[in-house]
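Results of the structural survey
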Amino acid sequence: VKQGDSNAATDQSLQNVPDSNGKHMPKRSRKLDKLAPPYLFGMDIGGSLAKVVLFEPNHKTDGIEKKQRIVTHSDLTRNLSSDSDNSDADDNFEMLTDYVLSNHYLGDTGIRDQRLEMRNQKFYGQIGTLHFIHFLASRMDECFEFAKTFRLPNLSDVVCATGGGAYKYENSCKEILGMKLRKYDELECLIKGIHYIYAHNPLSECYYWEGVTSDGSSPDARKIPYDFGDPYPYVVVNFGSGVSILAVRSPDDYYRVTGSSIGGGTFLGLCCLLTGCNTFEEALRMAETGDGTKVDKLVRDIYGGSYDKFNLPGSTVAASFGHMMHEDKRKEMSKNDLARAALVTITNNIGSIAMMTAHAEKIQRIVFVGNFLRTNDIAMKMLAHALNYWSQGTMKALFLEHEGYFGAVGALLQLSDQINTEKENQ
């Protein structure tokens, strides 16, 4: 991306610098304001996924919209096998961007979420589209090698990111690309991202589930839009590999209350061990057809029915994986049942912690975000039922369409603010 280090002292827009082979290639000025890129991106590198939000400005020549070039993976391969020493970094970046924007699946693990793209957004004085992309964080080193092959370091010496991976992969970025990872605070980016996305997508961003059942199957459940225009105060549950829970009382008044190491990473780790699956998507597919009651011990398995004195329905889980202490029960269950029980265990745990946090903070509104909820309708419906039931209808579990991308959006906003500030200070 064509942004650079604001601390670098150079007034030249081009300078000759040697690449790793000793050849001199033109390098852009490091001044961010002189590097107002045609494409901006923010990155959030989490424990499992790296999320990227890419801003693509509208392309017009003489008032006519430029037609997007379709680039396939084969096109990229041919470009890399050509005389790349003489290739131009701008052309490489444009080709790579065209590849990203003309494909849904990117490499082995990358996905561009077309359903989430947002048009007519404004960054750095330009109108364009926000694109949302994710891939496995474990492939970050390969990502850096790929960027190096495309000579992208000749465009910039800085990559802007948030999340724990911005620290974990800092040395790799410097060693492989010769670029610095500019790190932004994870929680600040999360809150900024939530508020920006809702402000620019108010009609369809926030919703709750209606008509749900306790087990999350809920064939007749439906999404109902929710007006999040005046949200304060609210609790936000960031449900990723692990879980962080924040109280948000205003745009600038927020703090982390608690969290849990039992999150999406726990779910996938357990499923990999117990079922032999390899991906989050595979684990969810197994859970969808599984029956957790063959694995979990319920209130009715202990009391023979409901525990009315404490308002505990017979279908309430009394002991997660409680049936697995019995040999005959182990013989009856399937791998899909184990996946469903793991999903129920993780979801119930976080739902309980979220509700206790809201009570302790005297807040009625709880918003769940994070990539654990990506395509995970079962967990969302279970959370919706639990909050509605245990609050006696006074609380709703709220969800946001852009789920796990808010940190990356916040990083993009921080970058855009920094570019604008440096321009004003010239």
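Described below are features of the structure shown in this document. Note that the structure is predicted; figures quoted are calculated from it, not measured. (Residues numbered from 1 in each chain as written. Predicted model: local features only at pLDDT ≥ 70, side-chain atom pairs only at ≥ 80, totals over all residues. Heavy atoms only, no water.)

**Topic: helix α8 (residues 280–288)**
Quick note on the threshold: The classification of residues rests on relative accessible area computed with a 1.4 Å probe and restricted to protein chains. Under 20% of the type maximum is buried, over 50% is exposed, and intermediate values are partly exposed. A run of H or I in DSSP becomes a helix once it reaches four residues, and a run of E becomes a strand once it reaches two; helices and strands are each numbered from the N terminus. The directions from the helix axis to the C-beta atoms are what the arc is built from. Here, residues are in contact when the closest pair of their heavy atoms is within 4.5 Å.
Within α8, the full set of buried residues consists of Phe 280, Ala 283, Leu 284, Met 286 and Ala 287. For α8, the angular spread of buried residues about the axis comes to 160 degrees, placing them on one side. Buried residues belonging to α8 abut α7 (264–275), α11 (335–361) and α12 (377–390).

**Examining the packing of aromatic side chains**
Remark: the centre distance and the inter-plane angle together describe each pair of aromatic rings, the angle taken between the planes. Let me state the cut-off plainly: Aromatic rings from Phe, Tyr and Trp, taking only the six-membered ring of Trp, are treated as a pair when their centres fall within 6.5 Å; an angle between ring planes under 30 degrees marks them as stacked, one over 60 as edge-to-face, and anything in between as tilted. Ring-over charges, as used throughout, are those where CZ of Arg or NZ of Lys falls within 6 Å of the ring centre and within 35 degrees of the ring normal.
What the rule picks out here adds up to 17 aromatic pairs. Each member of the aromatic cluster is reached from another via a ring pair, and the members are Tyr 198, Phe 228, Tyr 232 and Tyr 234. Over the ring of Tyr 207 we find Lys 223; its NZ or CZ atom is 4.5 Å from the centre of that ring. Lying across the ring of Tyr 208, Lys 396 places its NZ or CZ 5.1 Å from the centre.

**Here's the deal with the nonpolar core**
Which entries qualify depends on this criterion: As used here, the term nonpolar core means buried Ala, Val, Leu, Ile, Met, Phe, Trp, Tyr and Cys residues forming a set that is joined through side-chain atoms within 4.5 Å.
Within the largest apolar cluster, 43 residues are counted, with the highest numbers of intra-cluster contacts made by Val 237, Phe 267, Ile 366, Phe 368, Phe 372 and Phe 399. The leading source of residues in this core is α11, at ten residues. Every residue in contact with Phe 399, bar those within four places of it in the chain, is listed here: Glu 205, Cys 206, Tyr 207, Trp 209, Phe 368, Leu 373, Met 380 and Leu 383. Judged by nonpolar contacts, the second largest core, of 39 residues, contains Phe 132, Tyr 196, Leu 413 and Leu 415.

**Re the side chain of Lys 381**
This is how it is decided: Charge assignment: positive for Lys and Arg, negative for Asp and Glu; neither His nor the chain ends contribute. Here, a salt bridge means any side-chain nitrogen of Lys or Arg that lies within 4 Å of a carboxyl oxygen of Asp or Glu.
Within the secondary structure, Lys 381 sits in helix α12. Although Lys 381 lies buried, it forms no salt bridge, and the closest oppositely charged side chain, Asp 377, sits 4.8 Å away as judged by the N-O distance. Sequence-distant contacts of Lys 381, defined by excluding residues within four places in its chain, comprise Trp 209, Val 212, Thr 213, Gly 216, Ser 217, Ser 218 and Ala 221.

**Overview of the environment of Phe 239**
Position of Phe 239 relative to the elements: it lies in strand β15 (residues 234–239). For the pair Phe 239 and Ile 262, spaced 23 residues apart in sequence, the C-alpha separation works out to 9.6 Å. Contact partners of Phe 239, with chain neighbours within four places excluded, come to Gly 263, Gly 264, Ile 346, Ile 350, Val 369, Gly 370, Asn 371 and Phe 372.

**Focus: the sheet that holds strand β14 (residues 222–225)**
Stated precisely, the cut-off is as follows: A pair of strands is considered paired only if DSSP assigns at least 2 bridges between the two. Between N-to-C directions, angles cover 0 to 180 degrees, with each direction set by a line fitted to C-alpha atoms, over the stretch in contact for helices.
Sheet architecture is open: seven strands sit in the order β14-β13-β21-β20-β15-β16-β17, paired in mixed fashion. Unpaired on one side and paired on the other, β14 and β17 (254–260) mark the two borders of the sheet. Taken pair by pair, the neighbouring strands of this sheet meet at an average axis angle of 30 degrees, ignoring direction. Sitting on the sheet, α11 touches β15, β16 (243–248), β17 and β20 (366–369), and the angle it makes with β17 is about 145 degrees.

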